[in-house]
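Each chain is listed here by its residues.
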Amino acid sequence: MTSSAHASPAAPSAPGGASAGALLSVSDLCTHFPIRTGLLQRVSGFVKAVDGVSFNIAKGETLGLVGESGCGKTTVGRTILRLIPPTSGRVVFDGKNVFDASNQTMRLLRRDMQIIFQDPAGSLNPRMRIQNIVGEPLVVHGLAKSRDELRAKVEELLVRCGMPKQAADRYPHEFSGGQRQRIGIARALALSPRFIVCDEPTSALDVSIQAQIINLLTDLQSEFGLSYLFISHSMAVIQHVCKNIAVMYKGKIVEFGPREAIIGAPREMYTRSLLSAVPEPDPRLKRKRIVFAGGAM
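What this report covers is the structure whose coordinates are included nearby. (Residues numbered from 1 in each chain as written. Predicted model: local features only at pLDDT ≥ 70, side-chain atom pairs only at ≥ 80, totals over all residues. Heavy atoms only, no water.)

Scanning the protein chain for helices and strands turns up 9 helices and 10 strands. Surface accessibility of the protein chain: about 14700 Å² in total, with carbon and sulfur atoms responsible for 52%. (Helix = DSSP H or I, 4+ residues; strand = E, 2+ residues; numbered from the N terminus. Areas by Shrake-Rupley, 256 points an atom, 1.4 Å probe, with all protein chains shown as cover.)

This is the structure:
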């Protein structure tokens, strides 16, 4: 890879230290998992799932994190939220250091930082009614003073996400994949967050349903001023919803910039390979498929 691919792009979302206008700043984030071998399970090495990732996200902005499966995208999102412990690095949300936060501070931060999971079926407890799934964050954080208030808030969230009020009394298996993802979005919105990690929220859905979910997320962002880290392996989805794009390969961000620059003039062969996989809407036109052989960049 040329050294320019590691250079810091222009603000407001440049990799590096905290930016004055950033809601979230990620600096040199590393998440390594030990490899244990032998009878005593001694550590013989490490998998560098995330290896020195930096970026900023401003209020109301969507940063797209794109790359093939296994490149470390999901680990980035979950480490930012402290669902996975970091190896090193710094994450600052609204001036607060997430990794150094006390349990009490982290409890408050979790109201502002939420996640929408990739698998809408696996992320919803099959034994709980939708009322309890969507309402659980409100109960845990003491934001509903009575059962009636809780029910009203759950119904409001469901309706805002395109579901009927009556859905509150049913179980996850009674809904389609798209409907379950709407329920997952309603749960993420329950605490009125400012930042949401969207971890491939459309990858398990049909193409027509993907568009509906993307439109819902876009509308919610406009309405509530949300910031998104939108994780996907599909450049077609990323280029549709993201103002800035970070391309990830083997735990590192290998190309970063505004959507127009990444789509119109990609510098890296890996980025061009991802773009060549985007389907061509006109059947009379054929896009030349670029196969990336891998290796060092």
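Here we take up the pairing of strand β10 (residues 252–258). Most of β10 is tucked away: 5 of the 7 residues are buried. The pairing of strand β9 (residues 244–249) with β10 spans 6 bridges and is antiparallel. Each bridged residue has a counterpart across the sheet, and for Met 248 the counterpart in β10 is Ile 253. What sits between β9 and β10 in their antiparallel hairpin is a turn of 2 residues, with Lys 250 showing a positive phi close to 50°. (Buried < 20%, exposed > 50% of the residue type's maximum accessible area, 1.4 Å probe, protein only. Pairing = 2+ DSSP bridges.)

With that settled, the discussion passes to the pairing of strand β1 (residues 22–37). Across 13 bridges, β1 lies against strand β2 (residues 42–58) in antiparallel orientation. Pairing of Ser 25 across the sheet is with Asn 56, part of β2. Where β1 folds back on β2, the antiparallel hairpin that results is connected by 4 residues, among which Gly 38 adopts a positive phi of roughly 85°. Across 5 bridges, β1 lies against strand β4 (residues 88–93) in antiparallel orientation. Following the sheet pairing, Ser 25 is matched in β4 by Val 92.

Next up on the list: the packing of helix α3 (residues 130–140) against helix α4 (residues 147–160). Taken N-terminus to C-terminus, the directions of α3 and α4 make an angle of 110°; their axes are 9 Å apart at the nearest point. Accordingly, the angle class assigned to the pair α3 and α4 is roughly perpendicular. When the axes of α3 and α4 are compared, the crossing they make is right-handed. Taking contact as the criterion, the partners of Ile 130, Gln 131, Val 134, Gly 135, Leu 138 and Val 139 in α3 are, on α4, Leu 150, Arg 151, Lys 153, Val 154, Leu 157 and Leu 158. Class assignment of the residues belonging to the contact of α3 with α4 gives a composition of 8 nonpolar, 2 polar and 2 charged. (Axes fitted to C-alpha atoms, helices over the stretch in contact; angles between N-to-C directions. Parallel < 35°, antiparallel > 145°, perpendicular 65-115°, else oblique. Left-handed = near helix turned anticlockwise from the far one by under 90°. Contact = heavy atoms within 4.5 Å. Nonpolar A, V, L, I, M, F, W, Y, C, P; charged D, E, K, R; others polar.)

The next point concerns the sheet that holds β10. The strands making up a sheet associate through backbone hydrogen bonding, with each pair oriented either parallel or antiparallel. With mixed pairing, the 6 strands of this open sheet are ordered in space as β6-β7-β8-β3-β9-β10. Pairing within the sheet leaves two strands with one partner each, and these edge strands are β6 (113–116) and β10. Going from strand to strand, the sheet's axes swing by 15° on average, the running direction of each strand aside. The sheet contact formed by β6 and strand β7 (residues 195–199) spans 4 bridges and is parallel. Bridging from a neighbouring strand, Gln 114 pairs with Ile 196 of β7. In the packing of helix α1 (residues 73–80) onto the sheet, contacts are made with β3 (62–66), β6, β7, β8 (227–232) and β9, and the angle to β8 comes to roughly 150°. Each of β6 and β7 touches helix α2 (residues 103–112); the most contacted strand, β6, lies at about 50° to it.

Here 4 strands make up an open sheet; going across it, the order is β2-β1-β4-β5 and the pairing antiparallel. Since the sheet does not close on itself, it has two edges, and those belong to β2 and β5 (96–97), each with one partner. Strands in contact with α1 are β1, β2 and β4; relative to β1, the strand with the most contacts, it is inclined by about 115°.

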